[in-house]
Amino acid sequence: MSTSTTTTNLPHRIKPKEVSAESTASTSKLSQKTILHILNTKCTTSLQHLKQAHGVALRSGHFQDHYVAGALVKCYASQHFSNFGFALKVFDSVWRPNVFVWNIVIKGCLENNEALSCISYYCKMVAMNARPNKFTYSILFKACTLVQAVEEALQIHGHVVKNQFGEDGHIRSAGIQMYASFGLVEEARRMLDEASESNDVICSNAMIDGYMKCGDVEAAKELFEKHMPSKNVGSWNAMVSGLARCGMLKEARELFDGMSEKDEISWSAMVDGYIKGGCHKEALEIFNEMQKENLLSPRKFILSSVLAACANVGAVDQGKWVHAYIKRNTIKLDAVLGAALLDMYAKCGRLDMAWEVFENIKQKEISTWNAMIGGLAMHGQADDAIDLFSKMQRSKLEPNGVTFLNVLNACAHSGFVDKGLNFFSSMKKFYGIEPEVEHYGCMVDMFGRAGQLEEAEQLINSMPMKPNAAVWGALLGACRIHGNVEMGERVGRILLELEPQNSGRYALLSNIYAKAGRWDDVEKVRTLMKERGVKTSPGISMVDIGGMVHEFKVGEGSHPQMKEVYLMLETIIEKLQMEGYSPNSSQVLFDIAEEEKETALQYHSEKLAIAFGVLNTKPGTTIRVMKNLRTCEDCHSAIKIFSKVYERDIIVRDRMRYHHFRNGRCSCKDFW
């Protein structure tokens, strides 16, 4: 198919006119049905074919047909082409568009993230006396939901009633969701109750979802249990996802287990609920249960959730299985799934695999670059992170706030103060990005780690916004690293006022006092914690062996191999002591005898996890440990010596960063 007709600079509202026989000689045989078939089959993925079909439609006179014109607008509006502006030009050239064409352009606005334009085009539609139909209003309600256009929504709802579409289930469902998103649950419920078919399951499901999003769990339960004689799987899904979203995981699981029928949304709701609640192991257990059922093939959105869970517990084998599943089923690595896979490998300590995924993603979006730069930053590879940032700039992709957050984090953990300052100043100067509190937090962290505590405090005092606890926490951490007790006390008091229930703040201040030998002050901090009812977070370390995540806590003996683990750890400590290891008792926050301090240090959770790894893997195998708290100086020293004595690579991810231990050294260069 070829034509020399151009499709740019279209005249506004082409009025139908006679087309000469000569100009249509080659195209007059093509019927409307044929052109529509070509548009719907050949032009959905090829812009060249679409332009050719457009030219044929113009030359043959078929563009005057609203179905052909509408199909053209729909094709150009496809997100595949990223050419929505031209779709609007094509629409503007349609003579007196009917409701079919109007609906296509309004829906196109919604699908191309132009929700306000949906409302604008509806106003033009009304002004041109084109009569909307039921499909128009469900799109408009969704648009109003996205941009929270309350006044416009009320007027549109009035049009719905006036045009007698209030009984349509799709419109009511969209309207209920819309009003609930505004927090107007009474209006949403009125919309449900006013319908003649009060038992409409889809609308009731929307109302349950609305109640849950507004936090009215009891109203949702009452509707579900007492006023819905007819339910479908969507009804149960709305309850399960709502309960999980509200943090009521036990109730959500009970309801989930009682479902007679489950679809992918059911499983995904439970997985997502566990992840958001910090129960990553449980999320993976649910996914494994789903696989055993062998009834569903997981798709993109649940796979992304599972990868997030793998990343958080270091379940690299499970993550590899998901990666293999994606390849086996030729699932496209889009921006969301690609970033999730990349992030999983990076957080599980497999930067080599993260790089491979990054290179294989053909259409890299800003989220893809951010994930890779962030992965390099958390592993302390600042030079590589900065190089990748430069490469992203050369690809003509504009960085955003997250990009700079990752780059500044890389600079902070590698002591690149001058480079960090340059990046920070370039944010607004060259890219028009206003630094947010998180960026200032990175800068404070960077100054603090480099020992420039006064500069860090000056930056906090000059911030254009009120510093939050994370910013002050970065400075307190720096005070601990450099032993600045005076500033640590001052900053500690501020933090204990900002976050009186955060046990980590008390522990950090206690650590500063303990290193200085000020045990009376340590006891005062512990007393204050008791008075305020603050509970400490126990150290938990996880290690993935053979596709199973094993968890270890200090003083807990529930693991079936715990006896063997303790015996192995004693053997390891003896070997390390022969190589010069001496427990750093300043890390123990209690004024107890030196011998007791050494015992307390010996059984830190990461040491238990490593001992378990030695027991259950072949010599030379890399051991990967995930810890929920910052690793202490004693464990850091011990693992460095262990990596040399046992000739093993150890990768530890703590709350602050990654540590790659090899041959007696750590990638952080003792700077964490």
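Please refer to the structure higher up on the page.
Below, the structure is looked at part by part. (Residues numbered from 1 in each chain as written. Predicted model: local features only at pLDDT ≥ 70, side-chain atom pairs only at ≥ 80, totals over all residues. Heavy atoms only, no water.)

Let's talk about the nonpolar core
- Core analysis: the largest hydrophobic core is formed by 186 residues, its most contacted members being Leu39, Leu72, Ile106, Ile208 and Leu475.
- Excluding its chain neighbours within four sequence positions, the residues that come into contact with Leu72 are Leu39, Leu50, His54, Ala57, Phe63 and Val90.
- Within the second largest apolar cluster, 28 residues are counted, among which are Val565, Leu569, Leu576 and Tyr581. (Core = buried A, V, L, I, M, F, W, Y, C linked by side-chain atoms within 4.5 Å. Buried < 20%, exposed > 50% of the residue type's maximum accessible area, 1.4 Å probe, protein only. Contact = heavy atoms within 4.5 Å.)

Focus on the sheet that holds strand E2 (residues 548–553)
- Reading across the sheet, the 6 strands line up as E2-E1-E3-E4-E5-E6 and stay open at both edges, with mixed pairing between neighbours. The open sheet terminates on both sides in strands that have one partner only, identified here as E2 and strand E6 (665–666).
- For strand E4 (residues 650–653) and strand E5 (residues 658–662), the ladder comprises 4 bridges, and the chain directions are antiparallel. Considered in E5, the bridge of Ile651 is made with His660. (Pairing = 2+ DSSP bridges. Helix = DSSP H or I, 4+ residues; strand = E, 2+ residues; numbered from the N terminus.)

Focus: the pairing of strand E3 (residues 623–627)
- Among the 5 residues that make up E3, 4 are buried, leaving the element largely enclosed by the rest of the structure.
- Note: strand E1 (residues 540–545) against E3, 3 bridges, orientation antiparallel. Within E3, the residue paired with Met542 across the bridge is Met626.
- Examined bridge by bridge, E3 and E4 share 4 bridges and lie parallel to one another. Across the sheet, residue Val625 finds its bridge partner in E4, namely Val652.
- Since E3 and E4 lie parallel, the crossover through helix H34 (residues 633–645) that links them has a hand, and here it is right-handed. (Right-handed = clockwise from strand over helix to strand, strands pointing away.)

Regarding helix H13 (residues 233–245)
- Over its 13 residues, H13 extends 18 Å from the first C-alpha to the last, a length consistent with the 18 Å expected when each residue adds 1.5 Å.
- Elements in contact with the buried residues of H13: helix H11 (201–213), helix H12 (217–226), helix H14 (249–257) and helix H15 (264–276).
- For H13, the N-terminal cap is Asn232; the gap from its side-chain oxygen to the backbone nitrogen of Gly234 is 3.0 Å.
- One or two positions beyond H13, positive phi appears at Gly247, with a value near 80°. (Expected span 1.5 Å × (residues − 1). Polar contact = N/O pair within 3.5 Å; in protein donor to acceptor, adjacent residues only side chain to side chain.)

What about the pattern of salt bridges?
- In the structure shown here, the tally under the stated rule is 23 salt bridges.
- Of the charged contacts, one joins Arg532 and Glu497 as a salt bridge, the two residues approaching to 3.9 Å between their closest N and O atoms. Taken together, the positions of Arg532 in helix H30 (residues 519–532) and Glu497 in helix H28 (residues 485–498) put the pair 35 residues apart, joining distant regions of the chain.
- Residue classification places Arg532 among the partly exposed positions, given a relative accessible area of 29%.
- In this structure Glu497 comes out as exposed when scored by relative accessible area, which is 60%.
- Between Asp521 and Lys524 there is a salt bridge whose closest N-O contact spans 4.0 Å. A residue pair is termed a helical-turn pair when its members lie 3 or 4 positions apart in one helix, as Asp521 and Lys524 do in helix H30 at 3 residues. (Salt bridge = Lys/Arg side-chain N within 4 Å of Asp/Glu carboxyl O.)

Here we look at empty space enclosed by the protein
- Taken as a whole, this structure holds 2 cavities of 30 Å³ or more when the rule is applied.
- Estimated volume of the largest cavity: approximately 70 Å³.
- Lining the largest cavity are Leu569, Ile572, Ile573, Leu576, Lys607, Ile610, Ala638, Ile639 and Phe642.
- Of all the secondary-structure elements, those providing two or more residues to the lining of the largest cavity are helix H31 (562–578), helix H33 (605–616) and H34.
- For the lining of the largest cavity, the element with the most residues is H31, which contributes 4 residues.
- Of the residues contributing to the lining of the largest cavity, the split by class is 8 nonpolar, no polar and 1 charged. (1 Å grid on protein atoms, 1.4 Å probe; cavity = no way out; pocket = protein on both sides within 12 Å on 5 of 7 lines; lining within 4 Å. Points joined across faces, edges and corners; volume = space filled by probe spheres on them. Nonpolar A, V, L, I, M, F, W, Y, C, P; charged D, E, K, R; others polar.)

Here's the deal with the pairing of E1
- In terms of residue burial, E1 counts as a mostly covered element, since 6 of its 6 residues are buried.
- Residue alternation in E1 divides its side chains into two sets, Ile540, Met542 and Asp544 and Ser541, Val543 and Ile545, and both sets are buried.
- Examined bridge by bridge, E1 and E2 share 6 bridges and lie antiparallel to one another. Residue pairing in the sheet places Ile545 in a bridge with Met548 of E2.
- Linkage of E1 to E2, two consecutive antiparallel strands, is achieved through a turn of 2 residues, within which Gly546 is found at a positive phi near 60°.

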